[in-house]
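# Fold and geometry: a report
Residues per chain, in single letters:
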Amino acid sequence: MRNFKQRTFLKWVTSIVLVSISLLSAGCVSSKFSVETLAKSDVNMVSDIYIDQTLTLLKTLTQKLYKMNPGELAKTPGATIESRISAIFKCPAPPPEPALTGRRSTQAMLAGLESDYKGDRVYAVMYGLFTMLHMAFNNKCHLFMLDFLSSQNFYNSARNIEILVWRLKTRRASNGELCLITNTWKGDIANLSFERIFGKLIILSDTMALIMAERGDRFVKQAVHIAGMSFLPVGLYP
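Residues numbered from 1 in each chain as written. Predicted model: local features only at pLDDT ≥ 70, side-chain atom pairs only at ≥ 80, totals over all residues. Heavy atoms only, no water.

### Description of helix 5 (residues 81-88)
- Along helix 5, the residues classified as buried are Ile81, Arg84, Ile85 and Ile88. Projected down its long axis, helix 5 carries its buried residues within an arc of 100 degrees, all on one side.
- Buried residues along helix 5 sit in contact with helix 3 (42-68), helix 4 (70-73) and helix 7 (121-136). (Buried < 20%, exposed > 50% of the residue type's maximum accessible area, 1.4 Å probe, protein only. Helix = DSSP H or I, 4+ residues; strand = E, 2+ residues; numbered from the N terminus. Arc of directions from axis to C-beta. Contact = heavy atoms within 4.5 Å.)

Below, the structure is given as structure tokens:
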């Protein structure tokens, strides 16, 4: 019954996305039609939408983190929020800055939340998050009909974002303060804007996991989620 409901939900989500694509295409045939779209399957087109939405959320998250943690931006002389965003979100993903000593994906996120990390923590966490999601896309910028993605990578990415949210709330620097400030409180009212962005990223990755599982008729191996557990591997599945 659960599998039937998942398939029904998946078909509904995919149909809505594809109808939206069709409507957009119908209105922009003269300006946006290209031969490239003929080489893309419907699922690949959905994947492109996932990439666009994910990048928008990641950039918004980076901006908010720098505003809440201005000391991290000051660690790079002359840097602005816009320049840091440009340095992170490139495709293919750029090499990490020296402070990360070659670390990417979950290893970069872990580094950014170490108590004695001296580099830009916002950069480390967001570069790690971006490169992890980039690995789920087989490190590609665009997908075509012969490209296949792993549902397990997207499922693991969603769980890793949940783990990152927990770590952001609990990891402290050597001075006892949180490594990075996210949600704040004004009296009894909580500012949960970070939670909403992370929640959207989780939903996007989980939806992609369902779509890829449906495409390959495979079941995703679900992990027992324990707050604070180690990050799950991404990029190691066929």
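### Quick word on empty space enclosed by the protein
- Counting across every chain of the model gives 1 cavity of 30 Å³ or more.
- Space inside the largest cavity adds up to approximately 30 Å³.
- Lining of the largest cavity is provided by Val165, Leu168, Lys169, Thr182, Asn183, Phe194, Glu195 and Phe198.
- Taken together, the elements giving at least two residues each to the lining of the largest cavity come down to helix 8 (151-170) and helix 9 (193-216).
- By residue class, the composition of the lining of the largest cavity is 4 nonpolar, 2 polar and 2 charged. (1 Å grid on protein atoms, 1.4 Å probe; cavity = no way out; pocket = protein on both sides within 12 Å on 5 of 7 lines; lining within 4 Å. Points joined across faces, edges and corners; volume = space filled by probe spheres on them. Nonpolar A, V, L, I, M, F, W, Y, C, P; charged D, E, K, R; others polar.)

### Quick notes on the nonpolar core
- Judged by nonpolar contacts, the single largest core of 57 residues is most densely connected at Leu61, Met126, Leu129, Phe154, Leu164, Phe198 and Leu201.
- Elements represented by at least two residues in this core include exactly helix 3, helix 5, helix 6 (105-112), helix 7, helix 8 and helix 9.
- Ranked by residues supplied to this core, first place goes to helix 7 with 11 residues.
- Look past the residues within four positions of Leu201 in its chain and what remains in contact with it is Thr54, Leu57, Leu58, Leu61, Leu129 and Ile161. (Core = buried A, V, L, I, M, F, W, Y, C linked by side-chain atoms within 4.5 Å.)

### Considerations on the packing of aromatic side chains
- Enumeration according to the criterion identifies 5 aromatic pairs in this entry.
- A centroid spacing of 5.4 Å and a plane angle of 20 degrees characterise the contact between Tyr50 and Phe137, whose relative ring orientation is stacked. One end of the pair, Tyr50, is in helix 3; the other, Phe137, is in the loop between helix 7 and helix 8, and 87 residues separate them in sequence. The same class applies to Tyr50 and to Phe137, which are both buried.
- Aromatic side chains Phe137 and Phe154 sit 5.3 Å apart centroid to centroid with 90 degrees between the ring planes, which places their arrangement in the edge-to-face category. Here Phe137 is found in the loop between helix 7 and helix 8, whereas its partner Phe154 is found in helix 8, with 17 residues between them in sequence. For the pair Phe137 and Phe154, a shared accessibility class is recorded, and that class is buried. (Phe/Tyr/Trp six-rings, centres within 6.5 Å; stacked < 30°, edge-to-face > 60°.)

### Re the state of the cysteines
- All told, the structure shown has 1 disulfide when counted by the stated rule.
- Each sulfur in the disulfide pair Cys91 and Cys141 lies 2.0 Å from the other. The chirality of the disulfide connecting Cys91 with Cys141 is left-handed, given an S-S dihedral of about -110 degrees. Highlighted residues: Cys91 in the loop between helix 5 and helix 6 and Cys141 in the loop between helix 7 and helix 8, separated in sequence by 50 residues.
- Its relative accessible area of 26% is what places Cys141 among the partly exposed residues. (Disulfide = S-S within 2.5 Å.)

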